[in-house]
Amino acid sequence: EHPPLTLDDQLDYKVSTLPGGVKMVASNFENMTSATTGLALRLDGVPQDQLFYLSAMPVLLTQVGVVKDGKAIPYEQMSEMLRKEILALNSYFSTNFRTGRAELVVRGAGNDAAESERAIQWMKLVLTSPDWRVENLPRIRDVVDQTLSGMRNRTQSAEENWVNDPANAYQRQDDPLLLATSSFLTQSHNVHRLRWLLKD
């Protein structure tokens, strides 16, 4: 009878500023015990000659294992720990072709306050201590190979999932950052380049 006239008038949220001038939005929902925390990192400061590293960054943060207190935790063990300790942990790019915004997002979620706090600790761990050591090169190479294979097979999926991508990339070819984080064609090239650099 009374459809909302804006996006969400009833949403209970507040905007505040953290130390260092970082803006934070906190939203509360009644009758929910779970919480999701997301951290969006601006990428417009990455030099153009290093953009090719970005294309595989989300998986290289979350799927190669971590180093915790000086001890390496392999991905298989890390995956099992995540399954037991928290609801979710993921990383991805958030972009907008219209505004030119490109961010790396890391999100963690928990079913209650304790899980949510552990999720934040895991977010910190993957951001500050991913296992990118030479000793872990076999796992890193596997992840890069799997990522490249997925990108190369993108056109085998339903057309509506990818057909707009080449057109958007062609229209915004003046923005290498957007292409490195949004266009699967550019990302395939970048990940292939990274794969070559990781060879013996």
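Our structure is the block above this text.
It should be emphasised that the depicted structure is a prediction, and the values quoted were computed from it without experimental measurement.

Enquirer: Can you walk me through the packing of helix α3 (residues 75–85) against helix α4 (residues 113–128) in this structure?
Expert: Helix-helix packing: each pair is described by the crossing angle between the helix axes and the interaxial distance. At a closest axis distance of 10 Å, the pairing of α3 and α4 adopts a crossing angle of 155°. What the angle tells us is that α3 and α4 run roughly antiparallel. Every pair of crossing elements has a handedness; the one defined by α3 and α4 is left-handed. Residues Met78, Met81, Leu82 and Glu85 of α3 touch α4, and the partners they reach there are Glu115, Arg118, Trp122 and Val126.

Enquirer: Help me understand the sheet that holds strand β7 (residues 101–110) in this model?
Expert: Taken in spatial order, the three strands make up an open sheet running β3-β7-β6, and their pairing is antiparallel. Each edge of the open sheet is held by one strand with a lone partner, namely β3 (35–42) and β6 (88–96). With strand direction ignored, the average angle separating the axes of adjacent strands in the sheet is 20°. Alignment of β6 against β7, held across nine bridges, turns out to be antiparallel. Residue serine 94 lies in a different strand from β7, and its bridge partner there is glutamate 103.

Enquirer: Can you help me understand a nonpolar patch on the surface in this one?
Expert: Together, Tyr13, Val15 and Val25 give the surface a local cluster of nonpolar side chains, amounting to about 320 Å² of exposed area. Mapped onto the secondary structure, tyrosine 13 falls in strand β1 (residues 12–18).

Conventions we followed
Residues numbered from 1 in each chain as written. Predicted model: local features only at pLDDT ≥ 70, side-chain atom pairs only at ≥ 80, totals over all residues. Heavy atoms only, no water. Axes fitted to C-alpha atoms, helices over the stretch in contact; angles between N-to-C directions. Helix = DSSP H or I, 4+ residues; strand = E, 2+ residues; numbered from the N terminus. Parallel < 35°, antiparallel > 145°, perpendicular 65-115°, else oblique. Left-handed = near helix turned anticlockwise from the far one by under 90°. Contact = heavy atoms within 4.5 Å. Pairing = 2+ DSSP bridges. Patch = residues over 30% accessible without salt bridge, like charges linked within 9 Å, V, L, I, M, F, W, Y side chains within 5 Å. Areas by Shrake-Rupley, 256 points an atom, 1.4 Å probe, with all protein chains shown as cover. Salt bridge = Lys/Arg side-chain N within 4 Å of Asp/Glu carboxyl O.

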